[in-house]
Amino acid sequence: MSDWSQAKRPIPVPDQWTQPFWDSAKREALKLQRCQDCGHFQHPPYPTCVNCMSIDMKFEPVGGAGHIYAYTIMYHDGDKRFAGAIPYASIIVELDDAPGALMAGNLLDAPYTEAKVGRRVEMIFERLNDDITLPQFRLADTDPTE
Ligand SMILES: [Zn+2]
């Protein structure tokens, strides 16, 4: 199991496009950007829809259930802030409620070897400070592959 207690995570800095995302994460009720013209979810947020170029974008609530779309296992300490957690799994997750929007996070509360494409995960929230709470993931209890 990766020891995240020794990692020193960099603190994300919200901007005009990402502020609604961070505000929702702080309340542990995630919202992702959705195009109001074609319905496409996207993450990270952009000024325009990457599918149809619309500028009518709003943030909508999404649930935290999804699956691992891709992953990598970090064995090297090129970034010393994460050295204490090596080896660990960085995962890309596609949420059930927001197909097409891919979220990056870490697989927490499980051995890094449990990161597999297609595995069911659920979102959990890691509070970094008074302003920033980081969406993260753990294995879902109802993993049909087990
Ligand atoms: Zn669109």
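Above this text is the structure in question.
Computed from a prediction, not measured in an experiment: that's the story for all the values here.

Engineer: An account of the overall build of the chain is requested, with residue identities and associated values reported.
Structural biologist: When you go through the chain residue by residue, the secondary structure sums to one helix and eight strands. Of the regular secondary structure in the chain, the N- to C-terminal order runs α-β-β-β-β-β-β-β-β. By the compact-globule yardstick of 15 Å for 146 residues, the chain fits well, its C-alpha radius of gyration being 16 Å. Looking at the chain as a whole, 37% of its 146 residues qualify as buried. Residue pairs at least 24 apart in sequence account for 56% of intrachain contacts in the chain once pairs closer than 6 positions are excluded. Summed over its atoms, the accessible surface of the chain is roughly 8000 Å², and 51% of this surface lies on carbon and sulfur atoms. Side-chain charges in the chain split into 14 positive and 21 negative, and the spacing between the mean points of these groups amounts to 3 Å.

Engineer: Outline the environment of Q16, supporting the account with residue identities and numerical values.
Structural biologist: Inspection of the secondary structure puts Q16 in the segment before α1 (19-26). C-alpha of Q16 to C-alpha of L134: the two residues are 118 residues apart in sequence and 18 Å apart in space.

Engineer: An account of the coordination of the zinc ion is needed here, citing residue identities and associated values.
Structural biologist: Think of it this way: four donors in a tetrahedron around the metal ideally sit 109.5 degrees apart, and six in an octahedron ideally sit 90 or 180 degrees apart. For the zinc ion, the full set of protein donor atoms is C35 (SG), C38 (SG), C49 (SG) and C52 (SG), and the range of their distances to it is 2.3 to 2.4 Å. Classification of the site at the zinc ion as tetrahedral follows from its four donor atoms and the range of 104 to 115° in their angles at the metal. Coordination of the zinc ion draws on donor residues from a single chain, spaced C-x2-C-x10-C-x2-C in sequence. With C38 in the loop between β1 (31-35) and β2 (41-42) and C52 in the loop between β2 and β3 (57-61), this residue pair connects regions lying 14 residues apart in the sequence.

Engineer: Account for the environment of M103, with residues named and values stated.
Structural biologist: Along the polypeptide, M103 turns up in strand β6 (residues 102-106). Take M103: its relative accessible area is 2%, and that puts it in the buried class. Note: C-alpha distance between M103 and V93 (ten residues apart in sequence) is 5.1 Å. Excluding its chain neighbours within four sequence positions, the residues that come into contact with M103 are F21, L30, L32, H43, I91, I92, V93, L95, M123, P135 and F137.

Engineer: Just give me the short version of the sheet that holds strand β4 (residues 65-74), but keep the residues and values in it.
Structural biologist: Ordered in space as β6-β5-β4-β7-β8, the five strands form an open sheet in which the pairing is antiparallel. The open sheet terminates on both sides in strands that have one partner only, identified here as β6 and β8 (133-139). Between one strand axis and the next, the sheet turns through 40° on average, direction left out of account. One ladder, built from seven bridges, connects strand β7 (residues 120-127) with β8; its direction is antiparallel. Its bridge partner lying in β8, F125 is registered against P135.

About the thresholds
Residues numbered from 1 in each chain as written. Predicted model: local features only at pLDDT ≥ 70, side-chain atom pairs only at ≥ 80, totals over all residues. Heavy atoms only, no water. Helix = DSSP H or I, 4+ residues; strand = E, 2+ residues; numbered from the N terminus. Rg over C-alpha atoms; globule rule 2.2 N^0.38 Å. Buried < 20%, exposed > 50% of the residue type's maximum accessible area, 1.4 Å probe, protein only. Contact = heavy atoms within 4.5 Å. Areas by Shrake-Rupley, 256 points an atom, 1.4 Å probe, with all protein chains shown as cover. Lys, Arg positive; Asp, Glu negative; His and termini not counted. Charge placed at Lys NZ, Arg CZ, Asp CG, Glu CD. Donors = N, O, S within 2.8 Å, 3.2 Å for Na, K, Ca; no water. Tetrahedral: all angles 85-135°; square planar, octahedral: opposite > 155°, others 65-115°. Pairing = 2+ DSSP bridges. Axes fitted to C-alpha atoms, helices over the stretch in contact; angles between N-to-C directions.

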